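# Report on the structure
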Amino acid sequence: MAFEIRKIGVVGAGQMGSGIAQVSASAGFDVLMNDISEDRIQAAISRIDGNLSRLVERDAMTAGDKAAALRRIKPALTFNDLASADLVIEAATENEEVKRKILSDVCLPLKPGAIIATNTSSISITRLASTTNRPGRFIGIHFMNPVPRMQLVELIRGIATDDETFTAARNYIETLHKTVTVSEDFPAFIVNRILLPMINEAIYTLYEGVGTVDAIDTAMRLGANHPMGPLQLADFIGLDTCLSIMQVLHEGLADSKYRPCPLLVKYVEAGWLGRKTQRGFYDYRSGAPIPTR
């Protein structure tokens, strides 16, 4: 009989973690949310409450279904509180050292058959799996941002990932009514291997003075029919995350075409990380985005 996932643990209550918790609870899974403080967990639950309220207002969900989904989400203040989970998804910041520490610690209290997944958008699944006590039960489940709206999930096996783990992870994603695409374990997988170099090239285009922020984003929105311009998208993703992924590509594939643009590095060093800090390629402090170049 195939391994059945009923209870999900989510480590990291930020934008990605809260999105994963929201879609999992809405699909009927019990969810345990963990972060470094109870305040962060409660802030995530409040954010999920607001998101579900908007779905109710749009008649995309009933008030009863919203209440049931919220009841399924419980705080997990320590990794020990995740012991009953069938699947634990790490959704911490895109930093390999941070992820390795979480993954080596979180696996210890889990039951023997539990699966561990990472939501990394770029880092080697095989390498991360090696820090756990169960590489065969480890897999990459890369949700897109924002999780509730984006249809795609990348599924990435490490070299040791067993077939039962892969099948259970695929079944979980399909229960969320999302579409699976399978990627090999190469730096940045499929979506970000294609998307981030495009964003990096847009930043080079700005850096070299080919066009302004507004000109570049307008050109790609109206000239390539993209829903948002690449610099606007970079601000949405977070410029620190964009830089991390470009560094993984550059180091992992040793090709100069993946060299992060010096302007991206400068913005990150300045702490201008995009929407989350109110400044990036746009300044959001007045409410209306104003190009910074």
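Residues numbered from 1 in each chain as written. Predicted model: local features only at pLDDT ≥ 70, side-chain atom pairs only at ≥ 80, totals over all residues. Heavy atoms only, no water.

With an unreviewed UniProt entry as reference, the protein is termed 3-hydroxybutyryl-CoA dehydrogenase, source organism Candidatus Rhodoblastus alkanivorans. Recorded under Sequence similarities (unreviewed entry), the UniProt text for the protein is reproduced unchanged: "Belongs to the 3-hydroxyacyl-CoA dehydrogenase family." (UniProt positions renumbered as here; feature names shortened; annotations may be inferred.)

## Structural notes on the overall build of the protein
In terms of helices and strands, the protein carries eleven helices and ten strands. Taking 2.2 N^0.38 as the reference for a compact globule, 293 residues should give roughly 19 Å; the C-alpha atoms of the protein span a radius of gyration of 19 Å, in line with that estimate. Expressed as lengths along the three principal axes of its C-alpha atoms, the size of the protein is roughly 60 × 45 × 35 Å. For the protein, the proportion of its 293 residues judged to be buried stands at 47%. Within the protein, the 33 negative side-chain charges are centred at a point lying 2 Å from the centre of the 31 positive side-chain charges. (Helix = DSSP H or I, 4+ residues; strand = E, 2+ residues; numbered from the N terminus. Rg over C-alpha atoms; globule rule 2.2 N^0.38 Å. Buried < 20%, exposed > 50% of the residue type's maximum accessible area, 1.4 Å probe, protein only. Lys, Arg positive; Asp, Glu negative; His and termini not counted. Charge placed at Lys NZ, Arg CZ, Asp CG, Glu CD.)

## Thoughts on the sheet that holds strand β7 (residues 152–157)
Strand order across the open sheet formed by eight strands is β3-β2-β1-β4-β5-β6-β7-β8, with mixed pairing between neighbours. Each edge of the open sheet carries a strand with a single partner, namely β3 (73–75) and β8 (179–183). Across the sheet, the mean angle separating the axes of adjacent strands is 25 degrees when strand polarity is ignored. Inspection of the sheet shows strand β1 (residues 7–11) paired to strand β4 (residues 87–90) by four bridges, in the parallel sense. (Pairing = 2+ DSSP bridges. Axes fitted to C-alpha atoms, helices over the stretch in contact; angles between N-to-C directions.)

## Structural notes on the pairing of β1
Across the five residues that make up β1, a large majority, four, are buried. Looking at chain direction, β1 and strand β2 (residues 30–34) are connected through five bridges and run parallel. Among the inter-strand pairings, I8 is bridged to a residue of β2, identified as V31. In the classification by handedness, the crossover that spans β1, the intervening helix α1 (residues 15–26) and the parallel β2 is right-handed. (Right-handed = clockwise from strand over helix to strand, strands pointing away.)

## Regarding the UniProt feature "domain: 3-hydroxyacyl-CoA dehydrogenase C-terminal" (unreviewed entry) in the protein
Residues annotated in UniProt with the feature "domain: 3-hydroxyacyl-CoA dehydrogenase C-terminal" (unreviewed entry) correspond here to residues 189–284. What you have in residues 189–284 is 61% helix and 2% strand, and the ends, taken at the C-alpha atoms, are 31 Å apart.

## Digging into the UniProt feature "domain: 3-hydroxyacyl-CoA dehydrogenase NAD binding" (unreviewed entry) in the protein
Here, the residues flagged by UniProt with the feature "domain: 3-hydroxyacyl-CoA dehydrogenase NAD binding" (unreviewed entry) are residues 7–185. Helix and strand shares over residues 7–185 are 39% and 21% respectively, and the end C-alpha atoms of the span are 26 Å apart.

## Some words on the packing of helix α10 (residues 239–253) against helix α11 (residues 262–269)
One can describe the packing of α10 onto α11 by two numbers: an axis separation of 9 Å at closest approach and a directional angle of 135 degrees. Relative to α11, the element α10 lies oblique. For the pair α10 and α11, the crossing hand works out as left-handed. Note on element contacts: α11 touches α10 through L264, V265, Y267 and V268, opposite L239, D240, C242 and L243. (Parallel < 35°, antiparallel > 145°, perpendicular 65-115°, else oblique. Left-handed = near helix turned anticlockwise from the far one by under 90°. Contact = heavy atoms within 4.5 Å.)

## Considering the packing of helix α7 (residues 191–207) against helix α8 (residues 213–223)
The interhelical angle for the contact between α7 and α8, taken along N-to-C directions, is 140 degrees, at an axis separation of 9 Å. The angle between α7 and α8 places the two elements in the oblique class. You can see that α7 and α8 cross each other, and the crossing is right-handed. The segment α7 lies against α8, with M198, A202, T205 and L206 engaging V213, I216 and M220.

## Here we look at the environment of G280
Along the chain, G280 turns up in the loop between α11 and β9 (282–283). Classification of G280 by relative accessible area gives buried; the value is 0%. It is 39 Å that separates the C-alpha atoms of G280 and L108, two residues lying 172 residues apart in sequence. Residue contacts for G280: discarding those within four places in its chain leaves D235, L239, Y267, W272, G274 and T292.

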